[in-house]
Amino acid sequence: MYRKSISLLALITLLTASALNVQAEELVWATGKVTAGGRDVRNAVVAAYDHNGHVIDFAKTDSEGYYALAVPRSAMGLGKK
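Conventions used here
Residues numbered from 1 in each chain as written. Predicted model: local features only at pLDDT ≥ 70, side-chain atom pairs only at ≥ 80, totals over all residues. Heavy atoms only, no water. Helix = DSSP H or I, 4+ residues; strand = E, 2+ residues; numbered from the N terminus. Buried < 20%, exposed > 50% of the residue type's maximum accessible area, 1.4 Å probe, protein only. Areas by Shrake-Rupley, 256 points an atom, 1.4 Å probe, with all protein chains shown as cover. Patch = residues over 30% accessible without salt bridge, like charges linked within 9 Å, V, L, I, M, F, W, Y side chains within 5 Å. Salt bridge = Lys/Arg side-chain N within 4 Å of Asp/Glu carboxyl O. Pairing = 2+ DSSP bridges. pLDDT = per-residue confidence, 0-100. Contact = heavy atoms within 4.5 Å. Core = buried A, V, L, I, M, F, W, Y, C linked by side-chain atoms within 4.5 Å.

Would you mind showing me how to read the overall build of the chain here?
Counting its regular elements, the chain contains 1 helix and 6 strands. Split into buried and exposed, the 81 residues of the chain put 16% on the buried side. Split by element, the accessible area of the chain, about 6800 Å² in all, is 58% carbon and sulfur.

Structure follows, in structure tokens:
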């Protein structure tokens, strides 16, 4: 049991140290409204994808069809500030 605890602690320490070395990219909000035939679409799934087709973020629309996604600036083609 003691060895497993030490191994787990070492793994957590390694992962934490690795995460601290990675600089987080600035996020921007991508917002909008989903409608169909002039009517709000609630509970629609909206997703943002990167250039490789991987989902970056997704959300469901609210009761009025609005959504908000947090997306890295680079994925939006905005470049650096």
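Hey, could you run me through a nonpolar patch on the surface in this one?
On the surface, a cluster of nonpolar side chains totalling about 450 Å² of accessible area is made up of Val-45, Tyr-49, Val-55 and Phe-58. Elements represented by at least two residues in the nonpolar patch include exactly β4 (45–49) and β5 (55–60). Tracing the chain through its elements places Phe-58 in strand β5. Since its relative accessible area comes to 57%, Phe-58 is described here as exposed.

Before we go on, may I ask you to explain the pattern of salt bridges in this structure?
Any two side chains of opposite charge can pair if their charged atoms end up close together. For the coordinates displayed, the defined rule picks out 2 salt bridges. Linking Glu-26 and Arg-73 is a salt bridge whose minimum nitrogen-to-oxygen distance equals 3.9 Å. Of the two residues, Glu-26 sits in the loop between α1 (2–21) and β1 (27–33) while Arg-73 sits in the segment after β6 (66–72), which places them 47 residues apart along the sequence. Residue class for Glu-26 comes out partly exposed when judged on its relative accessible area of 36%.

What am I meant to see in unusual backbone geometry here?
Generally, phi is negative for residues other than glycine and the peptide bonds are trans, each holding for most cases. Residues other than glycine seldom take positive phi values, yet Asn-43 does so here, at roughly 60°. You can see Asn-43 is positioned in the loop between β3 (39–40) and β4.

Would you mind showing me how to read the pairing of β5 here?
Along any regular strand, the residues point their side chains to alternate faces of the sheet. One ladder, built from 5 bridges, connects β4 with β5; its direction is antiparallel. Paired with Val-46 across the two strands is Ala-59, which belongs to β5. What sits between β4 and β5 in their antiparallel hairpin is a turn of 5 residues, with Gly-53 showing a positive phi close to 85°.

Which parts of the structure should I look at to understand the confidence of the model for the chain?
Low pLDDT means the predicted atomic positions in that stretch should not be read closely. Scored by pLDDT, the chain has a mean of 79; 67% of the residues are at 70 or more. Low confidence marks residues 1–5, where pLDDT is under 50. Its contacts with residues over four positions away, or in another chain, come to 0 contacts. Throughout residues 17–21 the model reports pLDDT below 50, and contacts reaching past four residues in sequence, or to other chains, amount to 0 contacts.

Whenever I open this one, the nonpolar core confuses me. Can you help?
Side chains that are nonpolar tend, in soluble globular proteins, to be buried together. Counting residues in hydrophobic clusters, the biggest one holds 6 residues: Ala-30, Val-46, Ala-48, Ala-59, Leu-69 and Val-71. Secondary-structure elements contributing two or more residues to this core are β4 and β6.

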